[in-house]
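# Examination of the molecular architecture
The primary structure of each chain is shown beneath.
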Amino acid sequence: MQKDSIHPIKRIAILTSGGDAPGMNAAIRAIVIAAQHYQITVVGFCAGFNGLIDDVHVLLNVKDVSHIIHKGGTILKSARCPAMTTALGIAQATNTLLKEKIDALIVIGGDGSFAGLIALQEQWPGQVIGIPGTIDNDIDGTDFTIGFSTAINTAIAAIDKIRDTAEAFERIFIVELMGRHSGHITFNVGIACAAEQIISFENFATINQRVAEQEKLLSLAKEIKLAQTNRHASYIIVIAENLWHGGAATLAQQLQTVANIDCTACILGHIQRGGSPVAKDRILATKMGVAAVQAVMAGQSNIMIAEQNNTIAHIALQTAIMHHEGVSESLVQAQENILALTAQRLC
Ligand code: F6P
């Protein structure tokens with residue numbers, strides 16, 4: 001969306017917000033380098049929108065961002081900021097932007113961060129641009145978000161190791177993966193690790209949750225028993241966090257109580273958010289960072305920089321946070337109709 005009057009851009013602000021994601025530093029670096037190319041000053045606000053509300057900032061130049069492309073986390077720090085859902089918080093953030101004479105604000109974050117940006121844009125006349133940075137990959141209009149590829153690679157590497165010990169001990173593991181509202185991580189990791197069971201938002205009912213859990217518990221017990229009878233050495237269940245009442249630990253207990261099955265629960269947790277970004281995230285972040293500065297120069301506002309079919313696209317922020325796009329339907333169908341069924345038969 002083009003702003004009506006384009007005036008020379010002198011000062012761009014950036015911040016990283018919400019759960020950090022590997023590749024955020026690569027995006028910061030690309031923005032700073034591109035801005036310097038166009039002789040624009042970059043102001044970095046610290047700790048997400050909190051730094052904007054309290055006016056805690058640093059000036060960033062190319063030297064400040066050298067040798068950060070390989071680092072996880074974010075040099076600007078990140079945080080969630082409940083104040084950005086209040087009129088007072090938005091007014092304070094607006095004041096800072098006016099006081100610091102910011103022409104455009106680029107936010108690297110997820111849906112909650114974009115909601116803050118949309119609210120801000122209603123009060124502040126400057127340009128607002130979002131860059132999708134979240135391990136959850138739950139942003140509409142972009143094929144991938146920054147951090148997702150690294151997170152799934154980290155989880156896959158961890159589960160491959162769990163598989164080794166599970167094979168050696170003939171054990172059953174229940175591995176809980178991140179993504180409290182979205183199954184991208186669980187589903188993709190489950191497929192890539194050849195998990196015997198994937199329990200995720202895409203294939204597990206959320207209406208009548210208690211009933212669904214009871215039914216699933218019984219079918220799981222049956223399948224695990226069959227696998228044990230056939231001396232199928234290891235058995236790995238991946239489950240999305242925030243899906244099963246009480247999570248992986250409770251499911252392990254229930255299998256013990258209901259069918260006397262010993263399971264080891266393992267919550268991978270924040271290990272999935274850290275670590276050096278993989279090539280895919282570094283490259284995606286760099287492309288998006290440069291594209292964000294170019295979008296500012298072109299007078300764009302209220303958009304998210306996306307990548308679709310390897311091409312940069314501009315998506316309305318309101319569209320980006322709609323949560324219409326889930327895990328690839330063909331992946332879900334392949335798992336449900338072929339992989340899972342065949343695996344059961346071969347147990
Ligand atoms: O950033 C996304 C995410 O890592 C989700 O996958 C997870 O559910 C959530 O953040 C955890 O948030 P926090 O670190 O605040 O506990």
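Because the structure is predicted, anything quoted here is derived from the model rather than measured.

Right, let's talk about the packing of aromatic side chains for a bit. One pass over the full model with this rule turns up 2 aromatic pairs. Each ring, one from phenylalanine 144 and one from phenylalanine 148, has its centre 6.2 Å from the other, and the planes form 20 degrees; the classification is stacked. Over the ring of phenylalanine 144 we find lysine 280; its NZ or CZ atom is 3.6 Å from the centre of that ring.

In the vicinity of the ligand, the contacting residues are Gly19, Arg80, Ile135, Asp136, Met178, Gly179, Arg180, Glu241, His270 and Arg273. One of the side-chain N or O atoms of aspartate 136 is found 2.6 Å from an oxygen atom in the ligand. Within the side chain of arginine 273, a nitrogen or oxygen atom sits 2.9 Å from an oxygen atom of the ligand. About the coverage of the ligand: the protein hides 79% of its 390 Å² of free accessible area. The site holding the ligand turns out to be the largest pocket. Grouping the constituent residues of the shell around the ligand by class yields 2 nonpolar, 3 polar and 5 charged.

Most of strand 1 (residues 11–16) sits inside the fold, with 5 of its 6 residues counted as buried. Sheet topology note: the strand 1/strand 2 (residues 41–45) ladder contains 4 bridges and is parallel. By the bridge assignment for strand 2, isoleucine 14 is matched with glycine 44. In this view, the connection linking strand 1 to its parallel neighbour strand 2 by way of helix 1 (residues 24–37) has right-handed handedness.

In total, this model carries 0 disulfides according to the counting rule given. The thiol of cysteine 266 is unpaired, and the distance to the nearest cysteine sulfur, on cysteine 193, comes to 12 Å.

Once that is clear, we can look at the pattern of salt bridges. In the structure shown here, the tally under the stated rule is 5 salt bridges. Across the salt bridge formed by arginine 11 and glutamate 100, the nearest N and O atoms sit 3.7 Å from each other. Taken together, the residues arginine 11 in strand 1 and glutamate 100 in the loop between helix 3 (87–99) and strand 4 (104–109) connect sequence positions 89 residues apart. A relative accessible area of 22% places arginine 11 in the partly exposed class. Judged by relative accessible area, which is 13%, glutamate 100 ranks as buried. Of the charged contacts, one joins glutamate 307 and lysine 287 as a salt bridge, the two residues approaching to 2.4 Å between their closest N and O atoms. A residue pair is termed long-range when its members are at least 10 positions apart, and glutamate 307 in strand 10 (residues 303–308) and lysine 287 in helix 9 (residues 279–297) qualify at 20 residues. Judged by its relative accessible area of 9%, glutamate 307 is buried.

Definitions and cut-offs
- Residues numbered from 1 in each chain as written.
- Predicted model: local features only at pLDDT ≥ 70, side-chain atom pairs only at ≥ 80, totals over all residues.
- Heavy atoms only, no water.
- Phe/Tyr/Trp six-rings, centres within 6.5 Å; stacked < 30°, edge-to-face > 60°.
- Lys NZ or Arg CZ within 6 Å of the ring centre and 35° of its normal.
- Near = heavy atom within 4 Å.
- Polar contact = N/O pair within 3.5 Å; in protein donor to acceptor, adjacent residues only side chain to side chain.
- Areas by Shrake-Rupley, 256 points an atom, 1.4 Å probe, with all protein chains shown as cover.
- 1 Å grid on protein atoms, 1.4 Å probe; cavity = no way out; pocket = protein on both sides within 12 Å on 5 of 7 lines; lining within 4 Å.
- Sits in = over half its atoms within 2 Å of the grid points.
- Nonpolar A, V, L, I, M, F, W, Y, C, P; charged D, E, K, R; others polar.
- Buried < 20%, exposed > 50% of the residue type's maximum accessible area, 1.4 Å probe, protein only.
- Helix = DSSP H or I, 4+ residues; strand = E, 2+ residues; numbered from the N terminus.
- Pairing = 2+ DSSP bridges.
- Right-handed = clockwise from strand over helix to strand, strands pointing away.
- Disulfide = S-S within 2.5 Å.
- Salt bridge = Lys/Arg side-chain N within 4 Å of Asp/Glu carboxyl O.

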